[in-house]
6 protein chains.
Amino acid sequence: MKRGLYVGRFQPYHNGHKSVIERIADEVDELIIGIGSAEISHDLRHPFTAGERVLMISRALKDINIPVYIIPLEDVKRNALWVAHVKSMTPPFDIVYTGNPLVIELFREAGIRVTSPPMYRRETLSGTAIRARMIAGDAWEECVPSEVADVIREIHGIDRIQQIAKTD
Amino acid sequence: MKRGLYVGRFQPYHNGHKSVIERIADEVDELIIGIGSAEISHDLRHPFTAGERVLMISRALKDINIPVYIIPLEDVKRNALWVAHVKSMTPPFDIVYTGNPLVIELFREAGIRVTSPPMYRRETLSGTAIRARMIAGDAWEECVPSEVADVIREIHGIDRIQQIAKTD
Amino acid sequence: MKRGLYVGRFQPYHNGHKSVIERIADEVDELIIGIGSAEISHDLRHPFTAGERVLMISRALKDINIPVYIIPLEDVKRNALWVAHVKSMTPPFDIVYTGNPLVIELFREAGIRVTSPPMYRRETLSGTAIRARMIAGDAWEECVPSEVADVIREIHGIDRIQQIAKTD
Amino acid sequence: MKRGLYVGRFQPYHNGHKSVIERIADEVDELIIGIGSAEISHDLRHPFTAGERVLMISRALKDINIPVYIIPLEDVKRNALWVAHVKSMTPPFDIVYTGNPLVIELFREAGIRVTSPPMYRRETLSGTAIRARMIAGDAWEECVPSEVADVIREIHGIDRIQQIAKTD
Amino acid sequence: MKRGLYVGRFQPYHNGHKSVIERIADEVDELIIGIGSAEISHDLRHPFTAGERVLMISRALKDINIPVYIIPLEDVKRNALWVAHVKSMTPPFDIVYTGNPLVIELFREAGIRVTSPPMYRRETLSGTAIRARMIAGDAWEECVPSEVADVIREIHGIDRIQQIAKTD
Amino acid sequence: MKRGLYVGRFQPYHNGHKSVIERIADEVDELIIGIGSAEISHDLRHPFTAGERVLMISRALKDINIPVYIIPLEDVKRNALWVAHVKSMTPPFDIVYTGNPLVIELFREAGIRVTSPPMYRRETLSGTAIRARMIAGDAWEECVPSEVADVIREIHGIDRIQQIAKTD
């Protein structure tokens, strides 16, 4: 049995995440998805709450055929404690999938196996780019799974990010 | 669509929780299970980590036929902020199932509907009683779903709680 | 100009506090009232929020003839930092009025003048005794200024403390 | 009875705040002034402690003819919890006066009425502009009520901000 | 090169600690002494600050002939993070000396070697017993190294603990 | 007896620190070295843990002929509390050596004597410059005492900072 961990902020969950997860799902028996900076919301880089992100990801992954654990991870502020924090909040895992240089370093120092999945169309499919579209009123729905677009509409997510983006 | 929230500490998840959840599952379309005091572990009242509890509950509920969201909830220490914390960490919910008098009061003051499910054989099926059995070396497996017993064995949970129970 | 500090938890503000404050008001030009453990509410020893306590005290002191500053003070958990915390949250003060042995020690070590006002009918006029009456359904209104009783009724304070006092 | 809430950082309290508060005071029966980022001081954007700001505002408002509650509000870091935090620290309020887009969004999501008062000569009467004058040694007294200028002199506020502004 | 870690609260550092450390010093090349609950002081169980405890231990160990690192360790509140916290605050170590059952469990789960040194006259030489003597005004100097007694006198430690022990 | 305090972040401890400390050591009987931002590590401005920095400084100062106390100081985030925090974590001190304008202001407001030691070749011997060399793969060993270079090699410090400096 091989259980993998994939961590992201998912602001929002988009097609790039989806393509990475589909490839990881072919390699592992069970997958943990850690939602980073879970406690942060309602700002321009983190518009959505952890609960809203759980809902996006659960809906988008409803047809995946392996067990998936979706876990909000609050920040601990101290890099030296982060791996212990993640381990305490998740089921045990054998391998970590991440491209983040700091996350790679932290897990390596802890003696945990790390591999970097290729990102899919990184230049257009980043959270930063998608949030910029949302703020500008440009099309963003094509960048995310349709279930995610539904959730964002249900929670009036575009109204929120556009309001926050106003200047005083 | 009706989504319910059920919050517990699940130290460990036992047959009393199971019987309550089965009844709630008949009343709602989707169920959120909040794991309280998620950040606490390795003490006599909270022997298991949030991740271990996620694993217990996920395995025990693998055949449930409605969508279930299992969410670790770290404490916020301030009762006046707790409802806002729970709401930010979970998908939106319509009703809360709890028998805890404080939790009832906090959700009521927030204008959220609360109902108290009957507890099943409360006197023997409490976390306190089960942890006492584990420490004493008495039989505890019959009090929990078999999947939970498997998880506790996999993580050497009895060794842990018995070690912590020693005196200096 | 002599400005005094008086710190309490005021759960609730009662006639004992009132008699002490009336005497202090004769000795100082301005009075700071610090509301301790401001962040704690909705538990049996701390049923009321800081905001509710601000309202009780403001109403009860509406006819006092010196300037009064009513300041919620969140706990800092570390005794060695508490005096610095209080000083940062309040206007500068010359003297502290308190009977609490730890508070006396902390201000003395910081080189700040402390004096202990006599408590008025301590045995019956304590927050502990008044909260016990509220929970038991006994008469409590006579222990507090009438303006405080009005506030407690407005916020449904008795319902709250009685609900929290139930057992699961 | 209509009670309004107005939140600012008041670093320092200036004539722009004064003109806004005078207009709000005509619309409400009681006014709560929340001092944001109360725990921050001694830096270039937040030179004054909460206690010093309480003193500035209290003195400047000494002749106002409605009840005013001046409440330091420590940050909670999590936007999703901020409204619950403010509500717990203040008397109950019916309406919020603010021009801050995030604050508007947070109160709106909580179902609380918000209105945006017009700012008075915003370009010159901002805290940022006044602090820049203080650091540069330019005239700043004309931007604040005379009682505030007195407090800043009493606490040697200009010495402090100029010292902090030095480079190592 | 073998570096050992010994953790205690040292409220105060006494002859029992001294005898344990002398034995450890025969087995290691370098010794780290971690001062637990470093941030807590001025209460009956933790009368002394971390800095005062650093001074006691440094003076008492001034003639030890191996390198010693004396490190205050603030609590992290979460057992699952404690080992990572200790590792980040101390030089790397090969072995932990402790008799505390929880500390044994936490280091064992982290794969770090632990050994339990025999305690010396535990019944009389405990911090609890010594603090009780200090409060009661009984002789305590004989329980601690003379350098520690000197430090406690210099900081007026007996006055402090006796003041804190008074009832309101 | 005159005890001095010198505070720095020591990321890493370098020859500039060494020359300052040698001059301070001529003026005091005992020296406290406070390691600021102790809890931060594994980022570009703070690559090393507090424990690693303790080891660097201890080794580099092994031949100093006065008692030295090396104390990790976690941040408290609130400037108004920082002096009280430092005082609680260190043995009592008579004088502070620092060039930092904010630190000067905070100790002065607390009535503690401060003096600013001249920095040695500040332009090349800054932590910022040395970390930039480490990241770029340039020579850095000449900027630090040889014992510090040994520690950085032992803990694979260059690998760490270069990994963290990569872009995702």
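Residues numbered from 1 in each chain as written. Chains lettered and ligands numbered in written order. Predicted model: local features only at pLDDT ≥ 70, side-chain atom pairs only at ≥ 80, totals over all residues. Heavy atoms only, no water.

The name given to chain A in an unreviewed UniProt entry is Nicotinamide-nucleotide adenylyltransferase, with Methanocorpusculum vombati as the source organism. In the Pathway (unreviewed entry) part of its UniProt record, chain A is described as follows: "Cofactor biosynthesis; NAD(+) biosynthesis; NAD(+) from nicotinamide D-ribonucleotide: step 1/1." The annotation that UniProt attaches to chain A under Sequence similarities (unreviewed entry) is "Belongs to the archaeal NMN adenylyltransferase family." (UniProt positions renumbered as here; feature names shortened; annotations may be inferred.)

Caption draft 1: Layout of the relation of the copies chain A and chain B. Each copy of the sequence occupies a distinct position, and chain A is placed on chain B by a rotation of 180° and an axial shift of 0.0 Å, giving an RMSD of 0.0 Å. Considering both components of the superposition, the chain copies are consistent with a two-fold axis. Distance from the rotation axis, computed per C-alpha, reaches its smallest value in chain A at I71(A): 3.2 Å. (Least-squares fit on C-alpha atoms with pLDDT ≥ 70 in both.)

Caption draft 2: Focus on the interface of chain A and chain B. Contact residues are listed per partner, giving 22 residues for chain A and 22 residues for chain B. Overall, the association of chain A and chain B removes approximately 1,600 Å² of surface from exposure, summing both partners, and the carbon and sulfur fraction of that is 67%. Area buried by chain A at its contact with chain B is led by L55(A), E74(A) and M89(A), which between them contribute 30% of it. Remark: the boundary between chain A and chain B carries 0 salt bridges. Applying the counting criterion to the chain A and chain B interface returns 6 residue pairs in polar contact (both at pLDDT 80 or more). At the level of elements, α2 (50–60), β3 (68–72) and α3 (79–89) of chain A are the ones that each hand at least two residues to the side of chain A that touches chain B. Take the side of chain A that touches chain B: its biggest share by element is 7 residues, from α2(A). (Contact = heavy atoms within 4.5 Å. Buried area = accessible area lost by both parts, 1.4 Å probe. Salt bridge = Lys/Arg side-chain N within 4 Å of Asp/Glu carboxyl O. Polar contact = N/O pair within 3.5 Å; in protein donor to acceptor, adjacent residues only side chain to side chain. Helix = DSSP H or I, 4+ residues; strand = E, 2+ residues; numbered from the N terminus.)

Caption draft 3: Structural view of helix α7 (residues 157–164) of chain C. The buried fraction of α7(C) amounts to 6 of the 8 residues, a majority that puts the element mostly inside the structure. Those residues of α7(C) not exposed but buried are G157(C), I158(C), R160(C), I161(C), Q163(C) and I164(C). Buried positions along α7(C) lie against α4 (101–109) of chain B together with α2 (50–60), α5 (127–136) and α6 (146–154) of chain C. (Buried < 20%, exposed > 50% of the residue type's maximum accessible area, 1.4 Å probe, protein only.)

Caption draft 4: Representation of the relation of the copies chain D and chain B in the model. The two copies are related by a screw operation: chain D maps onto chain B through 180° of rotation and 0.0 Å of translation along the axis, at an RMSD of 0.0 Å. By residue overlap, the copies meet face to face through one surface: 100% of the interface positions of chain D are interface positions in chain B.

Caption draft 5: Expanded view of the interface of chain D and chain B. With 8 residues of chain D at the interface, the matching set in chain B holds 8 residues. Note on chain D versus chain B: buried area summed over both sides is about 590 Å², and carbon and sulfur give 64% of it. Our count for the contact surface shared by chain D and chain B stands at 4 residue pairs in polar contact (both at pLDDT 80 or more). Looking at side-chain class alone, the side of chain D that touches chain B contains 5 nonpolar, 2 polar and 1 charged residues. (Nonpolar A, V, L, I, M, F, W, Y, C, P; charged D, E, K, R; others polar.)

Caption draft 6: Molecular detail of the nonpolar core. Judged by nonpolar contacts, the single largest core of 115 residues is most densely connected at Y13(A), W82(B), F107(B), Y13(C), W82(D) and F107(D). For this core, the element with the highest residue contribution is helix α3 (residues 79–89) of chain B, accounting for 7 residues. (Core = buried A, V, L, I, M, F, W, Y, C linked by side-chain atoms within 4.5 Å.)

Caption draft 7: The sheet that holds β3(A), seen in detail. All names here are of chain A. Taken in spatial order, the 5 strands of this open sheet run β3-β2-β1-β4-β5, and their pairing is parallel. Of all the strands in the sheet, just β3 and β5 (113–115) have a single pairing partner and so form its edges. Across this sheet, the average inter-strand angle for adjacent strands is 25°, counted without regard to direction. Here 3 bridges tie strand β4 (residues 95–97) to β5, and the two strands are oriented parallel to one another. When the sheet's bridge partners are listed, V96 is paired in β5 with V114. Helix-sheet contacts for helix α1 (residues 15–25) involve β1 (3–8), β2 (30–35) and β4, and the interaxial angle to β1 is about 170°. (Pairing = 2+ DSSP bridges. Axes fitted to C-alpha atoms, helices over the stretch in contact; angles between N-to-C directions.)

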